[in-house]
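# Residue-level structural notes
For reference, the chains in residue letters:
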Amino acid sequence: FRGKGIDFSEVRIYQPGDDIRNIDWRVTARTNKPHTKLYREERERPVYLVVDQSQSMFFGSKSVFKSVTAAKAAASLAWGTIGNGDRIGGFVFSDNEHQEIRPKEGKKGIQRLFHSLVNFNQSLSMAQKTDTVDKRSFTKALAGLNQVVRPSSLIFIISDFRSFDDISLQHLSLLKRHNDIVSIFIFDAMELELPKAGQYSFSDGKHRVSVNTSGQAMRQNYTRRFTQHHKRIRSQLITLGIPLIDLSTNADVAESLRNSLGQTSRMKRKNR
């Protein structure tokens, strides 16, 4: 959330990756330790969280569902937003609906967002929504966001990008013209690689199937499909200048975001 901007924020000990042009030489000379100046990019900046709570997110193999990891990521970012003095809003969407949360300051903004996340997460049931799946849900959420977002906003998109298509990419391109965007790719370890060879039972909450994971060709094809999906999303976002952060359901959400966003911020300052 911090970078080279207009408003001075604070002076702190120099850290690897800081822009040497921002070194405060007076404080450095006085303390005999290098210090750097930090700047706040904009006060009360609108921050939008676009959170996917669709059927494809209703999956988890060990720790939690992807939908829960997405909600945790949104919660961590929301607390960081209000702690930074910015306004929090967003779009939470499922397979058949989405809800807009207009940016608000402090507790009002965060309570409305959390209320929406809880409602969508608790109602996420594949058994109930099998007949009402709308593959355009991602596109509709981005289209809705395009209608209300203010220029110079910061947008986080939290999803597994399973329903992300060419039209979604067009809406994202329009959003990127006047806003900063960070994407967070949610995945489960079992999506990347099948469990060791054996007979396993899988359920969608309504039906149960048995799968033998011993076939080498099947295992390779399974991994290849996920890898291709991930590469496609990353490649499309890179063309728009949008960083992609990978977040596993097994990860410590807050710590992973802190590290990844720190790296993204340092890269952004170097590019300037």
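Scoring rules and cut-offs
Every residue gets a number counted from 1 within its own chain, in the order that chain's sequence is written. Local features in this predicted model are restricted to residues whose pLDDT is 70 or higher, and side-chain atom pairs enter the listing and the counts only when it is 80 or higher, whereas totals over whole chains, interfaces and linings include all residues. Just so you know, side-chain values use all the structure's heavy atoms and leave hydrogens and water out. A run of H or I in DSSP counts as a helix once it spans at least four residues, and a run of E counts as a strand once it spans at least two, with each numbered from the N terminus. Any residue under 20% of the maximum accessible area for its type is buried, any over 50% is exposed, and the rest in between are partly exposed; the area is computed with a 1.4 Å probe on protein chains only. In this analysis, two residues are considered to be in contact whenever any of their non-hydrogen atoms come within 4.5 Å of each other. To measure how exposed things are, a 1.4 Å probe is used in the Shrake-Rupley method; for residues, cover is taken only from the protein chains shown. Multiplying 1.5 Å by the residue count of a helix minus one yields the expected span of that helix. Residues grouped as a nonpolar core are buried Ala, Val, Leu, Ile, Met, Phe, Trp, Tyr and Cys residues, joined through side-chain atoms within 4.5 Å. Working definition: a ring pair exists when centres of Phe, Tyr or Trp rings (six-membered ring for Trp) sit within 6.5 Å. Plane angles under 30 degrees give stacked, over 60 give edge-to-face, the rest tilted.

The secondary structure content of the protein chain amounts to nine helices and eleven strands. Going through the 272 residues of the protein chain one by one, you find that 43% of them count as buried. For the protein chain, long-range pairs separated by at least 24 residues make up 71% of all intrachain contacts whose partners lie at least 6 apart in sequence. Here the protein chain displays about 14,700 Å² of accessible surface, and carbon together with sulfur accounts for 50% of that area.

Here helix H2 (residues 66-83) spans 26 Å end to end across 18 residues, near enough to the 26 Å set by a 1.5 Å rise per residue. For H2, the complete set of buried residues consists of Lys66, Ser67, Thr69, Ala70, Ala71, Ala73, Ala74, Ala75, Leu77, Ala78 and Thr81.

This next bit is on the nonpolar core. If you look at the biggest cluster of nonpolar residues, it comprises 26 residues, and the most contacted ones within it are Leu49, Val51, Leu113, Phe156, Ile158 and Ile184. Only strand E4 (46-52), H2, strand E5 (87-93), helix H3 (106-123), strand E7 (154-159), strand E8 (180-187), strand E11 (244-248) and helix H9 (253-271) provide two or more residues apiece to this core. Ranked by the residues each element gives to this core, the list is headed by H2, at five residues. By size, the runner-up hydrophobic cluster in this structure holds 24 residues, among which are Phe161, Phe164, Ile181 and Phe226.

Each aromatic ring pair is characterised by the separation of its centres together with the angle its planes make. Using the criterion set out here, one finds ten aromatic pairs in the structure. Centroid distance Phe93 to Phe138: 5.3 Å. Interplanar angle 50°. Geometry classified as tilted. Within this pair, whereas Phe93 is found in strand E5, its partner Phe138 is found in helix H5 (residues 137-148), the two being separated by 45 residues in sequence. Using a relative accessible area of 0% as the deciding quantity, one classes Phe138 as buried.

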